[in-house]
Amino acid sequence: MDIITVENLNKTYETYRRGSKFSETFKSFFKREKVIIEAVKDISFTVEEGEIAGILGPNGAGKSTTIKMLTGTLFPTGGTINVMGYTPHKERAAYVHNIGAVFGQKSQLIWDIPPMDSFNMNKAIYSISDRDFKYTLDKLTGLFEVEDIVSKPTRVLSLGERMKCEFIMAMLHKPEVVFLDEPTIGLDVIAKQRIRTFIKEMNAQGTTFILTTHDLEDVEQLARKVVIINHGQKVFDDKLQNLQLVLGSKKIIHLMLTSPRTDIKIEGTEVAEKKSDYEYILEVNLANSSINTFIRNLTNMCEFSDISIKELPMEKIITRIYEGHGVSAV
Amino acid sequence: MVGVEIMNYIKNKIQVVKAVSMVTYKEWSAYRTHSMVSIFVGPVYFMVQYFIWKAVYSGNSVLNGMELSQILTYFGVTALIGYLTMDFADWNLQMLVRTGKFLTFALRPVHHRFFALSQKIGHRILGLLFEFLPCLFIFVFIFKVNMIPASPGWTVLSIVLAFLMNFYLNYIIGLTAFWLVQSTSIRRVYQLLLGIFSGGLIPLVFFPVYLQKLLFFLPFQYVSYVPTMVFTGKYSLAGIKMGIPEIVGIQAAAVLLAALASEAVYRASMKRFTGVGA
Amino acid sequence: MKSNYPGIYRECIKVSFATAATYRFNFVLNAIIMLVSNVLFPLVTILIYGSGAGFPGWSFYEVLLIQAVFTLSAGISGALFNGILWVTMRHIIEGSLEIVLIKPVDCLFYLVASTFEPDSIGLIAGGCIMFAIAAGNAGAISLLMWLQFLALFLAGLLVMMGISFIMAATSFKWVGNSRIPEIFESIKSFGKYPQSILNKSAAAFAAFVIPVAMVGCFPAAALLGKASMPMFAAVIPCVLFALSGIFLYKYMIRLYEGVGG
């Protein structure tokens, strides 16, 4: 059953342009030039109940604008949104009782006092009964192993600990749908993993998650369904497996050599960029061979001083989808 | 040869002032509407003063040696001079120290104080265009206040000195950030004292005589009261009347003292700064 | 589901005192500085009366009473309403108003409640002391006069609330302008003096357009037995002013949400 339906969603903004010369700044005191920006163009998609859906896209693609409209905090210019039978921006007061949200870069915790006080604040705001509050809180703090942390002032917590508390804060009123805007941004590998485990755990208990991210790993580990947005338009909308089919299982290798080479030729490997005779960026196809095989081949061939293995960057994903595979899925 | 070197030195300094003030001007142009607040606030406060003093003078024609028209000119001129000399070098400096960005200035071949002064020049050019001139027009053409200085030359000189005085004092206050974590409270206390004793609140001749005497030895009156009185052409405080050249001379001496003091505090700060950094 | 607004407000006050307790030193310092910088303006009155002059028809203590009432009003409204300007400004600059909008409570209410400002306690105390000195020298005050005072004083608080909301609403459009308060601070100063010194149009403005006379002068006049019909009539514009503040702020939230944009 679809819990979210978005049809032909649009959002346009007006903003101003300003020059930088003395005379221009002087002029801008009196007159400014208007510019219209289309942040979201005609986007449609659905999310099923109990699903984890990932909205993927580079910075400034319109992900945040979309999630703001889904949470009812931004009015669409056109199109319709239906979440759990509500039109979010029209029935916000009733709607927001049933949703939770974590904005990776905007803290809901009160900086100078312990998270526990912030939790109590939400208890009052969402009218959570004492019993429910205690039960949910114990469960969540247990799951995250933050029983001691919640009574320390927020400002002394690490980013990872704070994120965990942000999640608890967003889940206390047991929302059916939770929106996550860049939930893992800025976190280290271990903290990222903890957050992802938590999301999976909560999802297993029935909560639907919608997350925006520019990190392919978030989507690969969590989502069953992926929507990719670029320049405000939907460029991909399908199951995760189908995205992986389009992208292939590829990794990006950043390589620093100890002695110069004019080229690197290994089976199943392409040179994506040659920065110099010492520095290469390679794209490795892991469909037929493993990363171990690749490394073995590489060490037989040359000596290197530094190597890093990364996911495909957002730009590559977008290009690949434009190359013809993904758009047909729209 | 020495002459050429000095010329080059001066040329270089002027280049720095030009570049820095231009950048500051542009930077603050983004906040264009901030300056425009003054165009409203200045005249409104003036109106309040007008009503207050008109009522006060309804029973007296002269108070503490000042007539109503003089008082009104006083408040108009004080406001306008405020736009020309306004400064927050203290705030900038203590932010640089607190955030550790001061280090980047310690590495530049320009004395930070000179840099800050250039910034202030750019900032006040903005003030001249968008605060001073509009308010001047409002005072002259709408409120019909007499805005013709008794002696333009001395007035400009005195305002320039007030500009420097305000800058050096603020700079010294900003330097306290090297010693105090919470220099904000020092700043606020200083701003409070300046507000009262510079003459912005009420002409200093209204204070008890012993306070007026004391004010000769405090830096505050040189920021606002002195240039305003120079504008009107008559200076007196604590019953002492002085010619315009004399009081501007005293003001210049006070500015020199403030400059020396700021250099002394600066050197002590640098010792402390590098001491902490090591 | 109906929200428990008194409960939320209580929780907010608890949090703000908890925060103040964390930074005790700062809290005391802020309270003192706020007091000193806000009780400066009677100095002008003291110096004027000290020079043997004064406002015709008003004794020194009568004028001081006006300024005591004004200070008290500034202190109370400072605690209750002032924080909304700064929090709105911060949310607009950081684009983070969403975190308030996703809460199932009225946005304006929540922002007002969560910015309760305990620092104003110093100012309230200062206002009380000034008030005691001035009222003690003002002659006998009857119960009726106290009641009249209370009614007008509350109307004055409505004006202060309206001003806070209008300022905060302005900051939606006038992004990051920390000088917005100066505008209203200058207008408020009309309420710090006997209204008889103003000319007709200024007095009408201060009584009926932006009714700042209700913040200081009118309630004090009631205590001095100088209350008149027009003063009570001025309660109506006070209520309207407060309502317009609320509407303007809510309108700005709607714009922020991009209605019709």
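If you're wondering where the values come from, they're calculated on a predicted model, not measured in any experiment.

Of the residues lining the interface, 31 residues belong to chain B; the matching set on chain C comes to 34 residues. Both faces combined, the contact of chain B with chain C buries some 2800 Å², and carbon together with sulfur accounts for 75% of it. Run the count over chain B and chain C and you get 1 salt bridge. A salt bridge links R179 of chain C to E131 of chain B, with the shortest nitrogen-to-oxygen separation between them at 3.2 Å. Inspection of the chain B/chain C interface yields 3 residue pairs in polar contact (both at pLDDT 80 or more). Broken down by secondary-structure element, the contributors of at least two residues to the side of chain B that touches chain C are α2 (32–56) and α8 (183–197) of chain B. No other element matches the 16 residues that α2 of chain B contributes to the side of chain B that touches chain C. Residues belonging to the side of chain B that touches chain C are distributed by class as follows: 20 nonpolar, 9 polar and 2 charged.

Below, the discussion takes up the confidence of the model for chain A. Residue and element names in this part refer to chain A. Of the residues in chain A, 93% reach a pLDDT of 70 or more, and the chain-wide mean stands at 86. Taken element by element, chain A is modelled with least confidence in helix α1 (residues 22–28), mean pLDDT 62, and with most confidence in strand β4 (residues 78–83), mean pLDDT 94. The low-confidence segment residues 326–330 (pLDDT under 50) makes 12 contacts with residues lying over four places distant or belonging to another chain.

What follows covers empty space enclosed by the protein. All names here are of chain A. Applying the stated rule across the entire model yields 2 cavities of 30 Å³ or more. The volume enclosed by the largest cavity comes to roughly 40 Å³. Among the secondary structure elements, those contributing two or more residues to the lining of the largest cavity are β5 (99–103) and α6 (159–171). Looking at the lining of the largest cavity residue by residue, the classes come out as 5 nonpolar, 4 polar and no charged. Considering only enclosed or pocket space, the second largest cavity measures out at about 30 Å³ in volume. Broken down by class, the residue content of the lining of the second largest cavity amounts to 7 nonpolar, 1 polar and no charged.

The next thing to look at is the sheet that holds strand β3 (residues 52–56) of chain A. All names here are of chain A. Taken together, the 6 strands give an open sheet; going across it, the order is β5-β6-β7-β3-β8-β9, and neighbouring strands pair in mixed fashion. The outermost strands of the open sheet, each flanked by one partner alone, are β5 and β9 (233–239). For this sheet, the mean angle separating the axes of adjacent strands, direction not counted, is 15°.

A few words now on the pattern of salt bridges. Residues and elements named next belong to chain A. Using the criterion set out here, one finds 31 salt bridges over all chains in the structure. Residue K123 is joined to D130 by a salt bridge in which the shortest nitrogen-to-oxygen separation is 2.6 Å. Residue K123 is classed as buried on the basis of its relative accessible area, which comes to 19%. A relative accessible area of 58% means that D130 is categorised as exposed.

So, about the sheet that holds strand β12 (residues 279–285) of chain A. Residues and elements named next belong to chain A. Pairing within the open sheet is antiparallel, and its 4 strands lie in the order β11-β12-β10-β13. Of all the strands in the sheet, just β11 (269–274) and β13 (304–310) have a single pairing partner and so form its edges. Each neighbouring strand pair of the sheet contributes to a mean axis angle of 25°, computed without reference to strand direction. Sheet strands in contact with helix α10 (residues 291–301) are β10 (250–257), β11, β12 and β13, and its direction is about 160° off that of β13.

Taken residue by residue, chain B gives an average pLDDT of 88. The fraction at 70 or more is 97%. Interface scoring of the predicted complex returns ipTM 0.90; its pTM is 0.86.

Attention now moves to the packing of aromatic side chains. Residue and element names in this part refer to chain B. For the coordinates displayed, the defined rule picks out 39 aromatic pairs over all chains. Judged by centre distance (5.5 Å) and plane angle (90°), the ring pair of Y74 and F75 falls under edge-to-face. Overall, Y74 belongs to the buried group, its relative accessible area being 0%. When its relative accessible area of 6% is taken as the criterion, F75 is described as buried. Between F216 and Y235, the aromatic rings sit 6.5 Å apart at their centres with planes inclined by 70°, giving edge-to-face as the arrangement. Here Y235 lies in strand β1 (residues 235–237) and F216 lies in the loop between α9 (209–215) and α10 (225–232), a separation of 19 residues in the sequence. In this pair, the class of F216 matches that of Y235, namely buried. Of the aromatic side chains, those joined through ring pairs into one cluster are W53, Y57, Y74, F75, F206, F216, Y225 and Y235.

Another aspect to go through is the pairing of β10 of chain A. Residue and element names in this part refer to chain A. Summarising the sheet, β10 and β12 pair through 7 bridges and their orientation is antiparallel. Bridge pairing in β12 links I253 to L282. Across 6 bridges, β10 lies against β13 in antiparallel orientation. Each bridged residue has a counterpart across the sheet, and for I253 the counterpart in β13 is I309.

Turning our attention to the side chain of N166 of chain B. Residues and elements named next belong to chain B. Among the structural elements, N166 can be located in helix α7 (residues 152–175). Take N166: its relative accessible area is 6%, and that puts it in the buried class. The residues contacting N166, other than those within four sequence positions of it, are T85, M86, D87, K120, L194 and V223.

Residues and elements named next belong to chain A. The buried fraction of strand β8 (residues 225–230) amounts to 6 of the 6 residues, a majority that puts the element mostly inside the structure. Covered by surrounding structure in β8 are K225, V227 and I229 together with V226, I228 and N230, the residues of both alternating faces. Across 4 bridges, β3 lies against β8 in parallel orientation. Bridge pairing in β8 links L56 to I228. Sheet analysis places β8 next to β9, joined by 6 bridges and oriented antiparallel. Each residue of the ladder has a partner; that of N230, found in β9, is Q233. Hairpin remark: β8 followed by β9, antiparallel, with 2 residues in the connecting loop; positive phi at H231, about 45°.

About the cut-offs
- Residues numbered from 1 in each chain as written.
- Chains lettered and ligands numbered in written order.
- Predicted model: local features only at pLDDT ≥ 70, side-chain atom pairs only at ≥ 80, totals over all residues.
- Heavy atoms only, no water.
- Contact = heavy atoms within 4.5 Å.
- Buried area = accessible area lost by both parts, 1.4 Å probe.
- Salt bridge = Lys/Arg side-chain N within 4 Å of Asp/Glu carboxyl O.
- Polar contact = N/O pair within 3.5 Å; in protein donor to acceptor, adjacent residues only side chain to side chain.
- Helix = DSSP H or I, 4+ residues; strand = E, 2+ residues; numbered from the N terminus.
- Nonpolar A, V, L, I, M, F, W, Y, C, P; charged D, E, K, R; others polar.
- pLDDT = per-residue confidence, 0-100.
- 1 Å grid on protein atoms, 1.4 Å probe; cavity = no way out; pocket = protein on both sides within 12 Å on 5 of 7 lines; lining within 4 Å.
- Points joined across faces, edges and corners; volume = space filled by probe spheres on them.
- Pairing = 2+ DSSP bridges.
- Axes fitted to C-alpha atoms, helices over the stretch in contact; angles between N-to-C directions.
- Buried < 20%, exposed > 50% of the residue type's maximum accessible area, 1.4 Å probe, protein only.
- Phe/Tyr/Trp six-rings, centres within 6.5 Å; stacked < 30°, edge-to-face > 60°.

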